[in-house]
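If you want the building blocks of each chain, they are given just below.
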Amino acid sequence: MLLPFRMGVGGNIGAGAQWWSWIHIQDLVGAVHHLLKSDLIQGPVNAVSPRPVTNAEFTKTLASVLSRPAIFPMPAFAARLAFGQMADELLLASQRIEPARLISSGYPFQYPDLRRALDNLLKSK
């Protein structure tokens, strides 16, 4: 997604209402480390930020961090043409996933906010 947004031609994918869960790489590594140290947590854990966003919010935030417009949406049919079945599974599907087990185990997220996470990842480059 970065290249089109950096070029100023990014936008919502499909309707933009689909939920996207995300996580900063430092929180992913930190969560894995936290889980390896804990004997209390077993089984699957959702390694995602505690604040999922819609595709429209993700798009708006990414464009803002890059100081670019986000006015060129990618219609669902175009996403399917470009990415096939992967478009439906990764870009157009909607699941609001939250890290309940990480939170209840006391994991301290460093980047729970999308803007702060993207600022950290993109402003340093």
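Residues numbered from 1 in each chain as written. Predicted model: local features only at pLDDT ≥ 70, side-chain atom pairs only at ≥ 80, totals over all residues. Heavy atoms only, no water.

Draft legend 1. Quick peek at the side chain of Q18. As for its position among the elements, Q18 is in the loop between helix 1 (2-6) and strand 1 (19-20). If we ignore the near neighbours within four places in the chain, the residues touching Q18 are I13, V53, T54, N55, L91, L92, A93 and S94. (Helix = DSSP H or I, 4+ residues; strand = E, 2+ residues; numbered from the N terminus. Contact = heavy atoms within 4.5 Å.)

Draft legend 2. Focus on helix 7 (residues 114-122). When we look at burial in helix 7, the residues that qualify are L114, A117, L118 and L122. Summarising the axial view, the buried residues of helix 7 lie within an arc of 110°, below the 170-degree limit, and thus occupy one face. In the core, the buried residues of helix 7 are packed alongside helix 1, strand 2 (53-54) and helix 3 (55-65). The distance from a side-chain oxygen at the start of helix 7 to the backbone nitrogen of R115 is 3.3 Å, and the residue carrying that oxygen is D113. (Buried < 20%, exposed > 50% of the residue type's maximum accessible area, 1.4 Å probe, protein only. Arc of directions from axis to C-beta. Polar contact = N/O pair within 3.5 Å; in protein donor to acceptor, adjacent residues only side chain to side chain.)

Draft legend 3. Geometry of unusual backbone geometry. One non-glycine residue, S67, lies in positive phi territory at about 55°. By the element assignment, S67 lies in the loop between helix 3 and helix 4 (76-83).

Draft legend 4. Summary view of helix 5 (residues 85-92). Regarding helix 5, the residues found buried are A87, L91 and L92. Taken around the axis of helix 5, the buried residues stretch over an arc of 70°, which confines them to a single face. Exposed and facing more than 90 degrees away from the buried side of helix 5 are Q85, E89 and L90.

Draft legend 5. Structural context of the packing of aromatic side chains. Counted according to the given criterion, the structure contains 2 aromatic pairs. For the pair Y107 and F109, a centre-to-centre distance of 4.9 Å together with 85° between the ring planes defines the contact as edge-to-face. Each member of the pair, Y107 together with F109, is buried. Here R96 stacks its cationic end above the ring of W19, 4.2 Å away from the centre of that ring. (Phe/Tyr/Trp six-rings, centres within 6.5 Å; stacked < 30°, edge-to-face > 60°. Lys NZ or Arg CZ within 6 Å of the ring centre and 35° of its normal.)

Draft legend 6. Focus on the packing of helix 4 against helix 5. Orientation of helix 4 relative to helix 5, taken along the N-to-C sense of each, is 125°, at an axis distance of 7 Å. For the element pair helix 4 / helix 5, the angle class is oblique. Read as a crossing pair, helix 4 and helix 5 show a hand that is right-handed. Across the interface between the two elements, A76, A79, R80 and F83 from helix 4 touch Q85, M86, A87, D88, L91 and L92 from helix 5. Of the residues assigned to the contact of helix 4 with helix 5, the class counts are 7 nonpolar, 1 polar and 2 charged. (Axes fitted to C-alpha atoms, helices over the stretch in contact; angles between N-to-C directions. Parallel < 35°, antiparallel > 145°, perpendicular 65-115°, else oblique. Left-handed = near helix turned anticlockwise from the far one by under 90°. Nonpolar A, V, L, I, M, F, W, Y, C, P; charged D, E, K, R; others polar.)

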